[in-house]
Amino acid sequence: MNETIKEHSWIPLIVVAFASFIIALDATFMNVSISQVVADLNTDVSAIQMTMSFYTLITAAFMLLSAKLQDIVGKKKLFLIGTALYGVGTFTAAISSSVEMLFVGWAVIEGIAGALMMPATISIISGTYSGDKRTVALAIVGVMGAIAAAVGPLFGGVMTTFFSWRYGFACELIVVFIILLMQSKIPYFVPTESRRDLDIAGSVISFVGLVLLVLGILMLSNDIYTSIVIIVLGVIALIIFALFEIKRKRNGQVPLLDMDLFKDRNLRVGSLILLLSYLAMGGALFAVSLYLQSVLELNAFDTGLTTLPLTIGLLIFAVIAPSLTVKLSHKKIMAIGCLMSILGCLILSYQFRLDTATIELMPGLFVLGSGLGFLMALCTDISLINIPKESQNNASGINTTSQTLGESLGTAIIGIILILGVIGGISTAVDTYAPEHSGDEEYQQGVYDYFQKIGSINEVKSQDAFIVNIVDAIIQNAMAFVMMVTAIIMGIVFILTLRLQDKRI
């Protein structure tokens, strides 16, 4: 390996950061383009939403297998195979003439490619840098996915409003070409295992378990009872997988996932922090974007501009975080980030009304993003500090799987939270403005049915004051409930950070 590249150049970081960015961007930028895709491909909304869901599903399902393939194929080689495959997928998606073609290119090919690339991005960084440089590099890569998720609506809005959603995939293809052109700057890592070490049975069991788990999560907002059954089956499959892997190692065979890694407290707790942090960010961002587009009736571009302070906060504080580790421990900085995020949620909980100006949301979004920037920047680094080099690939797979699951959980769970918030908001609104109907379930159901039929904000404002007050109270309570749940999740993350072991100097 070229030592000059290894110790002094930031080029390998730039290359893998590009990869992390486009993988995360792919999961969010099309959210604001659905109606245009439906029209262009002569399909329906459910087909496009299914395609988007399966992209996340396939990526998560192949993550653990991909982490093990790094040991067999080599980190750099697997990363480049994934990049090339990603290029094929994004090109196919860009020229799609039907929803089936889009599904193959985006959900299947890009989903598998993303799974091949994601664990390799972390293990390449861990193997390339050391000391403070590793902290900085992992901070940038760690937060890149969050930044991409946050700017996704703005990017998608620009593409859809001024060009075409196809150009979004075309931009990703350009990034793929840049990565492939710069591949010589990525250090080479010698494979440590052979093909006969691949745990095929474990791969199948983990695939089934992760597919069922993520599928159940994605179905939560549509059919909660069926989704719970599927989630339980997924958990059972993953328990069977864990027991199978333990037995395989005891028999002297190489496991797909070394379950002994979970004995390390930082990896165990850090992976859970990643999951919950991405859940909180993805859910909050989804709820805010839905409010901006459904209540304030902003277009995709203006929605992206309004949420931009969250992205700016993420970026600024993620860049600052590594330099603060000279004076403060990772653990303390992450705990401060949690408290900042909670403060951001509390600020936002009072801001959602029928007549809210978008500028009123920006301080809370900035504070929330800033706290998440501190947290996400250092989480991967502290998760891996005690993991030996030979197990870094496996550990990176655990980290990236947690992140992907968090992203999947966010929008699914927040959909249920919003419904519960609306129901609670109706009860509060009726108690306040129609106390004579307090506790009247039939009356409250009528209010709920009316609320669902509201066409636009202008239609509401044209009604009498009673209707305006009822709708305003429902929106305030629903969004406040979402923000309070997000704050509670970040409170749990705060408690988890206290269980981390400080990085040893």
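Conventions we followed
- Residues numbered from 1 in each chain as written.
- Predicted model: local features only at pLDDT ≥ 70, side-chain atom pairs only at ≥ 80, totals over all residues.
- Heavy atoms only, no water.
- Disulfide = S-S within 2.5 Å.
- Buried < 20%, exposed > 50% of the residue type's maximum accessible area, 1.4 Å probe, protein only.
- Salt bridge = Lys/Arg side-chain N within 4 Å of Asp/Glu carboxyl O.
- Helix = DSSP H or I, 4+ residues; strand = E, 2+ residues; numbered from the N terminus.
- Expected span 1.5 Å × (residues − 1).
- Contact = heavy atoms within 4.5 Å.
- Patch = residues over 30% accessible without salt bridge, like charges linked within 9 Å, V, L, I, M, F, W, Y side chains within 5 Å.
- Areas by Shrake-Rupley, 256 points an atom, 1.4 Å probe, with all protein chains shown as cover.
- Phe/Tyr/Trp six-rings, centres within 6.5 Å; stacked < 30°, edge-to-face > 60°.

**With respect to the state of the cysteines**
All chains considered together, the criterion is met by zero disulfides. A disulfide-free cysteine, Cys338 has its sulfur positioned 9.2 Å from the sulfur of Cys379, the nearest such atom. Judged by relative accessible area, which is 0%, Cys338 ranks as buried.

**What to know about the pattern of salt bridges**
Here the structure, examined in full by the defined rule, presents three salt bridges. A salt bridge links Asp260 to Lys249; the nearest nitrogen and oxygen atoms lie 2.6 Å apart. With Asp260 in the loop between α11 (224-250) and α12 (265-294) and Lys249 in helix α11, this pair connects stretches of sequence that are eleven residues apart. Note on Lys249: relative accessible area 34%, which makes it partly exposed. Arg353 serves as the salt-bridge partner of Glu360, at 2.9 Å between the closest nitrogen and oxygen. With relative accessibility at 29%, the residue Glu360 sits in the partly exposed group. Salt bridges linked by common partners bring Lys249, Asp260 and Lys263 together as one network.

**Overview of α11**
Over its 27 residues, α11 runs 39 Å from end to end, which matches the ideal 39 Å to within 8%, given 1.5 Å per residue. Restricting attention to buried positions, one finds in α11 the residues Ser227, Ile230, Ile231, Gly234, Ala237, Phe241, Ala242, Glu245 and Arg248. Elements that come into contact with the buried residues of α11 comprise α5 (63-73) and α10 (200-218). Looking at the residues trailing α11, positive phi occurs at Gly252, about 85 degrees.

**As for a nonpolar patch on the surface**
There is a patch of nonpolar side chains on the surface, built from Ile224, Tyr225, Ile228, Val229, Val232, Leu233, Ile236 and Ile240 and spanning about 750 Å² of accessible area. Along the chain, Leu233 falls in helix α11.

**Considering the packing of aromatic side chains**
If you walk through the whole model with that rule in mind, you get seven aromatic pairs. Each ring, one from Phe163 and one from Tyr167, has its centre 6.0 Å from the other, and the planes form 55 degrees; the classification is tilted. Since its relative accessible area comes to 53%, Phe163 is described here as exposed. A relative accessible area of 47% places Tyr167 in the partly exposed class. Grouped by ring-pair contacts, the aromatic residues Tyr55, Trp106 and Phe169 constitute a single cluster.

**Brief notes about helix α14 (residues 308-324)**
An α-helix turns once every 3.6 residues. As a result, residues three or four positions apart point the same way. Between its terminal C-alpha atoms α14 stretches 24 Å, which fits the 24 Å expected from 17 residues at 1.5 Å a residue. Listed as buried for α14 are Pro309, Leu310, Thr311, Gly313, Leu314, Phe317, Ala318, Ala321 and Pro322.

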